[in-house]
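Structural overview for review
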Amino acid sequence: MTASLIIAVDGPAASGKGTIAKALARHYSLPHLDTGALYRAVAVAVIADGCDPANAGRAAALAENFPDSLLADPQLRSRQAGALASVVSAHPEVRAALLQRQRHFAAQPGGAVLDGRDVGTVIAPDATAKLFVTADVAERARRRTLELTGRGEPSDQAAILADLEARDARDSSRASAPLKVAPDAVVIDTTGLGIEDAIAAAIAAVDKAIG
Ligand code: DC
């Protein structure tokens, strides 16, 4: 591959964007960054630190300094970490602390796949291909409940639905880099799609963008 291929995959929680991003990374032999894991790591660092999540300066200092090993911590995938990540990610100071790390990852030779909320709008606005992966919130709640229960965190689907609705509202309404569809993104609604069909739709969209 001569040109750099940067693929931005954005969308709300439990939409399937992570699965699709990983499959795209395999298909195009590119490195992959789950940017949500960075915000989840800040959330876990805030819990360990015991500071008030509303303390933007402290959360940003933790965002600058958490060890890479934290990204592999299973606690990142908990419901509590997801909810708190949505809170700390609304601080512009936290977003600024994580910006260069994400841009640096996107800029590596050959390109990269990044998934998150603001990859196509803020992190890599010149990405070769931009996807916005979404699904009905009820379907996303069903998937997230299965995922959490499968990992040994039994969860009530109605409570997960309420969590996701709160996160969607917070992630979309914040002033700094809100979740929104980039004007040049291809929207993939995975509500009625199986994993293989969703991945095939994503590959077709990227192939078309490459031209
Ligand atoms: O994708 P996820 O569920 O792991 O993300 C957790 C939270 O992190 C999400 O609710 C909002 C925040 N986030 C963000 O603000 N920007 C990103 N690029 C990725 C995640």
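Here goes a summary of the coordinates provided. (Residues numbered from 1 in each chain as written. Predicted model: local features only at pLDDT ≥ 70, side-chain atom pairs only at ≥ 80, totals over all residues. Heavy atoms only, no water.)

Taken together, the neighbourhood of the ligand is formed by 15 residues, with Arg 40, Arg 95, Arg 167, Asp 171 and Arg 174 sitting nearest. With respect to the ligand, the side chain of Ser 89 contributes an N or O atom lying 3.3 Å from an oxygen atom. Look at the ligand: alone it shows 450 Å² of surface, and the protein chains cover 98% of it. If you list the elements that add at least two residues to the shell around the ligand, you get helix 2 (35-49), helix 4 (79-88) and helix 8 (157-173). A total of four residues in the shell around the ligand trace back to one element, the largest contributor, which is helix 2. For the shell around the ligand, the residue count by class is two nonpolar, five polar and eight charged. (Near = heavy atom within 4 Å. Polar contact = N/O pair within 3.5 Å; in protein donor to acceptor, adjacent residues only side chain to side chain. Areas by Shrake-Rupley, 256 points an atom, 1.4 Å probe, with all protein chains shown as cover. Helix = DSSP H or I, 4+ residues; strand = E, 2+ residues; numbered from the N terminus. Nonpolar A, V, L, I, M, F, W, Y, C, P; charged D, E, K, R; others polar.)

What follows deals with the packing of helix 2 against helix 4. Two elements in contact, helix 2 and helix 4, have axes whose closest approach is 8 Å; the angle formed by their N-to-C orientations is 100°. Classed by the angle they form, the pair helix 2 and helix 4 counts as roughly perpendicular. On the side of helix 2, the interface is formed by Tyr 39, Arg 40, Val 42, Ala 43, Val 44, Val 46 and Ile 47, while helix 4 contributes Gln 80, Ala 81, Gly 82, Leu 84, Ala 85 and Val 88. (Axes fitted to C-alpha atoms, helices over the stretch in contact; angles between N-to-C directions. Parallel < 35°, antiparallel > 145°, perpendicular 65-115°, else oblique. Contact = heavy atoms within 4.5 Å.)

Within the largest apolar cluster, 35 residues are counted, with the highest numbers of intra-cluster contacts made by Val 42, Val 46, Phe 66, Leu 70, Val 94, Leu 98 and Leu 114. Mapped by element, the contributors of at least two residues to this core are strand 1 (5-10), helix 2, helix 3 (56-65), helix 4, helix 5 (92-106), strand 3 (111-116) and helix 6 (119-123). Counting residues per element, this core draws most heavily on helix 2, at nine residues. For Leu 70, the residues in contact, after removing those within four places along its chain, are Ala 41, Val 44, Ala 45 and Leu 76. (Core = buried A, V, L, I, M, F, W, Y, C linked by side-chain atoms within 4.5 Å. Buried < 20%, exposed > 50% of the residue type's maximum accessible area, 1.4 Å probe, protein only.)

Moving on, we get to unusual backbone geometry. For Ala 14, which is not a glycine, the phi torsion comes out positive at approximately 60°. In this structure, Ala 14 sits in the loop between strand 1 and helix 1 (17-27). Take Ala 14: its relative accessible area is 12%, and that puts it in the buried class. Phi angles above zero are rare outside glycine, and Ser 29 is one such case at about 50°. Checked against the element boundaries, Ser 29 lands in the loop between helix 1 and strand 2 (32-34).

Attention shifts here to the pairing of strand 4 (residues 129-134). Buried residues dominate strand 4, accounting for six of its six residues. Because side chains alternate across strand 4, one face comprises the buried residues Ala 129, Leu 131 and Val 133, and the other comprises Lys 130, Phe 132 and Thr 134, equally buried. As paired strands, strand 1 and strand 4 are joined by four bridges and run parallel to one another. Across the sheet, Ile 7 pairs through a bridge with Ala 129, a residue of strand 4. (Pairing = 2+ DSSP bridges.)

This part takes up the pattern of salt bridges. Pairs can form between side chains of opposite charge once their charged atoms are near each other. On inspection of all chains with the given rule, the structure shows 13 salt bridges. Between Arg 101 and Asp 68 there is a salt bridge, and its shortest N-O distance comes to 2.6 Å. With Arg 101 in helix 5 and Asp 68 in the loop between helix 3 and helix 4, this residue pair connects regions lying 33 residues apart in the sequence. The exposure class assigned to Arg 101 is partly exposed, which follows from its relative accessible area of 31%. Since its relative accessible area comes to 55%, Asp 68 is described here as exposed. (Salt bridge = Lys/Arg side-chain N within 4 Å of Asp/Glu carboxyl O.)

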